[in-house]
Amino acid sequence: MNAHGFTSDIAFTPTVKAIQARKGSRQSYGRVEERGGWQADITPDLAAFIAMQTSVFLSTANGGGQPYVQHRGGPAGFLKVLDEKTIGFTDFSGNKQFITQGNLADNPQAFLFLIDYMNRQRIKIWGTARVVENDQDLIARLMPQDYKARPEQVILFTVSAWDANCPQHIPQRFEAADVAAALGERDRRIERLEQEIAELKSLRTSATRDASAQ
């Protein structure tokens, strides 16, 4: 059960709502609350979106409230939906600062920010997270196949609420692999067309030669 009156209350504190009221957006968000607020479970559409991502930003805060944002990346599918409430991923070995792990030890509140630049879509997910160490079965379940990274541990994120934003102000960018694939297909098409042109020229030359011989 969500501890808030509405799922969106995880972000819309009384102070936030007061500002919304002063700036004219509270009525609009109030209607969202009347319709049930934000989603609290991972839907099939959200699971599909998560499965496509190669990048995620994980936000935590220490016991004193100091925030920290860490980027995590990997091949599509490195973020795995384990059930309607849980997202898991392998935490690869890096610079060994362990700020996120320390923050989560003091304060389990966490936030995931996912952005798809190509389709200009972003997803915000509130919840809690915990680090799981020395669970080789879980690491094997979550580790991307054939990915050249060393697993350090696992992070499990429990979803409390999530919201999808509009595409306004999101610049459209494309993954290098997608651009390379598109350019490769273009080059292959050009090669086929050039071959067809060469064949047509050869046929025309042959036809001209035959006409002259007559």
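Remember, it's a predicted structure, so these values are computed and weren't measured experimentally.

It is worth spelling out the environment of Asp187 at this point. Its place among the elements puts Asp187 in helix α6 (residues 176–213). C-alpha separation for the pair Asp187 and Asp91, spaced 96 residues apart in sequence, amounts to 38 Å.

Looking now at the environment of His71. Summarising the element assignment, His71 is placed in strand β2 (residues 67–73). Distance in space between the C-alpha atoms of His71 and Phe57 is 4.5 Å, their sequence separation being 14 residues. In this structure His71 touches Ser55, Val56 and Phe57, once residues within four positions along its chain are discounted. A distance of 2.6 Å separates a polar atom in the side chain of His71 from a polar atom in the side chain of Ser55.

Turning next to the pattern of salt bridges. Per the counting criterion, the structure on display carries 9 salt bridges. When the shortest N-O distance is used, the salt bridge between Asp9 and Lys17 registers 2.9 Å. Like Lys17, Asp9 is buried. One connected set of salt bridges, linked through shared partners, spans Asp9, Lys17, Arg26 and Glu33.

What counts, and where the lines are drawn
Residues numbered from 1 in each chain as written. Predicted model: local features only at pLDDT ≥ 70, side-chain atom pairs only at ≥ 80, totals over all residues. Heavy atoms only, no water. Helix = DSSP H or I, 4+ residues; strand = E, 2+ residues; numbered from the N terminus. Contact = heavy atoms within 4.5 Å. Polar contact = N/O pair within 3.5 Å; in protein donor to acceptor, adjacent residues only side chain to side chain. Salt bridge = Lys/Arg side-chain N within 4 Å of Asp/Glu carboxyl O. Buried < 20%, exposed > 50% of the residue type's maximum accessible area, 1.4 Å probe, protein only.

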